[in-house]
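Read off the chains here:
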Amino acid sequence: MGIKQEQTYRGFEQGPIRPPSEANSLLIRVSRNCPWNRCTFCSVYKQQKFTLRPVAHVIDDIDQIHQALSTVQQEAQKSGTLTADQVNQIAEQYYGDARNVFYTAANWLFRGEGSVFLQDANSLIIKPDDLTTILNHLMSCFPWITRITSYARSHTINRISEEKLKQLAAAGLNRIHIGMESGSDKVLKKINKGVTKAGHIQAGRLVKEAGIELSEYVMPGMGGKDLSEEHALETADALNQINADFIRLRTLSVPPGIPLYDDYQSGAFKKCTDLEVVHEIRTFVDRLDGITSHLKSDHFYNLLQLVDGKLPQDKDRLLQVIDDFLTLPPEEQLIFQLGRRMGYFQVLSDLHSPAQRNHIESIRDRLQATPENIDQIIEEKLQLSI
Ligand code: SF4
């Protein structure tokens with residue numbers, strides 16, 4: 001039985017998430033929610049039913065953005081420039097959905113990147129010919145688009161022919177984000193990812209061979225204490241066989257409400273401490289070899305934002321960033337951890353900022369935080385579910 005599509009257009013839609021690197025992109029929703037929806041660590045689409053949006057409805061969305069953008073551009077040409085106040089004045093002519101579309105178009109234009117992200121969790125599940133129609137329409141409305149990207153599951157990519165992937169690339173799809181999470185078969189099975197290490201490698205290579213940029217998401221901490229080393233080694237090995245354009249770190253978080261949280265509460269999943277995750281990332285980075293990927297740390301859950309650079313030339317610097325943290329005295333690690341998790345610190349050198357440091361030290365004293373109890377305090381007293 002095929003996936004059912006509704007007949008009635010519900011208006012312009014946008015889904016709940018996009019990768020951090022797509023913050024400036026126009027979001028075009030081509031399907032709703034996740035067709036897999038079984039990963040134990042993922043909360044985004046739980047209880048939500050997957051549906052495809054009819055191609056005609058996606059085209060309607062694109063046309064609305066096109067029309068709104070034309071209005072913004074005409075006004076900008078008339079007055080030579082367009083301020084935020086002028087945009088707000090024009091927006092007052094619109095109501096409800098139309099105003100939302102207008103602001104979406106104006107924001108996209110002013111952010112200036114010209115990139116588009118196709119939502120939701122796995123846009124490549126759409127028939128390649130349908131997706132090609134959508135891509136062609138995007139490119140004909142906005143020929144200046146710089147990038148069109150999408151999330152996709154490895155399992156789905158492996159079911160698309162090489163020829164169809166190349167067709168999508170030719171139509172403008174030039175970057176795919178895959179949630180690899182881990183290269184360890186043991187970890188992938190435990191988290192119910194629905195794909196093996198070999199499947200991830202095959203899909204990653206297919207994307208690259210089609211001439212599409214590849215971004216692989218890795219989840220430090222995903223193996224828990226028991227599989228931390230295996231997770232680091234196997235993930236590095238898988239990525240060494242793919243040579244993705246980007247490897248993006250997104251540290252595991254275990255908030256209430258996800259299936260993994262129940263395992264954590266029962267003791268079946270032993271969550272790594274922040275310090276253990278940093279050790280794991282060191283092992284992982286150390287094992288990345290023979291590739292030219294850009295390692296990115298662009299998620300706010302990551303403790304060390306500066307583990308970000310191009311391989312192989314930046315590898316020593318990346319390891320040094322990690323070692324700079326690991327060789328700090330435990331009391332200093334605690335201050336950084338607390339400051340980072342509370343949003344006061346970004347990088348290790350923030351430890352030398354007297355005002356921020358004094359503030360964090362007073363919080364440490366109030367919470368009676370020690371190197372031994374800091375992870376528990378962050379989770380229980382500060383209610384941060386990292
Ligand atoms: S495939 Fe992605 S969106 Fe779907 S459940 Fe897994 S992590 Fe969540």
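What counts, and at which threshold
- The numbering scheme is per chain: residues are counted from 1 as the chain's sequence reads.
- In view of the model being predicted, local features appear only for residues whose pLDDT reaches at least 70, and side-chain atom pairs are presented and counted only at 80 or more, with totals across whole chains, interfaces and linings using the full set of residues.
- Counting other C-beta atoms within 10 Å of a residue's own tells you its class, since 20 or more makes it buried, 12 or fewer makes it exposed, and anything in between is partly exposed; those C-beta atoms are placed from the backbone.
- Strands here are runs of E lasting at least two residues and helices are runs of H or I lasting at least four, both read from the DSSP assignment and numbered beginning at the N terminus.
- For two strands to be treated as a pair, DSSP must find at least two bridges joining them.
- Clockwise travel from the first strand over the helix to the second, with the strands pointing away from the viewer, marks a crossover as right-handed.
- Segmentation into domains, and thus their bounds, comes from an automatic or database assignment.
- Here, residue contact means that the backbone-derived C-beta atoms of the two residues sit within 7 Å.
- By definition, a residue lies near a molecule or strand provided its backbone-derived C-beta atom is within 6 Å of it.
- Under the grouping applied here, Gly and all other residues not named as nonpolar or charged are polar, the nonpolar ones being Ala, Val, Leu, Ile, Met, Phe, Trp, Tyr, Cys and Pro and the charged ones Asp, Glu, Lys and Arg.
- Orientation is described by axes fitted as lines to C-alpha atoms, over the contacting stretch for helices, and by angles from 0 to 180 degrees between their N-to-C directions.
- Our angle categories are set so that under 35 degrees counts as roughly parallel, over 145 as roughly antiparallel, 65 to 115 as roughly perpendicular, and the remainder as oblique.
- Expected helix span is computed as 1.5 Å times (number of residues minus one).

Caption draft 1: Representation of the pairing of strand β4 (residues 115–119) in the model. Of all five residues making up β4, five are buried, and the element is well covered by its neighbours. Across the two faces of β4 the burial is the same, with Ser115, Phe117 and Gln119 and Val116 and Leu118 all buried. Here four bridges tie strand β1 (residues 26–29) to β4, and the two strands are oriented parallel to one another. Note that in β4 the partner of Arg29 across the bridge is Gln119. Running through helix α4 (residues 128–141), the crossover from β4 to the neighbouring parallel element strand β5 (residues 147–152) is right-handed.

Caption draft 2: Inspection of the domain arrangement of the chain at higher detail. By the assigned domains, the chain splits into domain 1 (1–152), domain 2 (176–327) and domain 3 (329–386). Look at where the C-alpha atoms of domain 2 and domain 3 centre, and you get two points 24 Å apart. The interface is formed by 13 residues belonging to domain 2 together with ten residues belonging to domain 3. Listing elements by their share of the side of domain 2 that touches domain 3, those giving two or more residues are α11 (274–287) and α12 (315–326).

Caption draft 3: Main features of the site of the ligand. The ligand sits among Cys34, Trp36, Asn37, Arg38, Cys39, Cys42, Val44, Tyr45, Ala121, Arg153 and Gly179. Class assignment of the residues belonging to the shell around the ligand gives a composition of seven nonpolar, two polar and two charged.

Caption draft 4: Spotlight on the environment of Thr283. Along the chain, Thr283 falls in helix α11. Taking the C-alpha atoms as reference, Thr283 lies 27 Å from Leu206; in sequence the two are 77 residues apart. Here Thr283 is in contact with Glu229, Ala232 and Leu233, once residues within four sequence places are set aside.

Caption draft 5: Geometry of the packing of α4 against helix α6 (residues 162–171). Axis separation between α4 and α6 bottoms out at 9 Å; the angle between their running directions is 10 degrees. In terms of axis orientation, α4 runs roughly parallel to α6. Residues Pro128, Leu131, Thr132, Leu135 and Asn136 of α4 touch α6, and the partners they reach there are Lys164, Gln167, Leu168 and Ala171. The residue inventory of the contact of α4 with α6, partitioned by class, reads five nonpolar, three polar and one charged.

Caption draft 6: Inspection of helix α1 (residues 55–79) at higher detail. For α1, which comprises 25 residues, the first-to-last C-alpha distance of 37 Å matches the rise-based estimate of 36 Å (1.5 Å per residue) to within 8%. Next to the buried residues of α1 lie β1, α3 (96–111) and α4. Gly80 sits one or two residues past α1 and shows a positive phi near 80 degrees.

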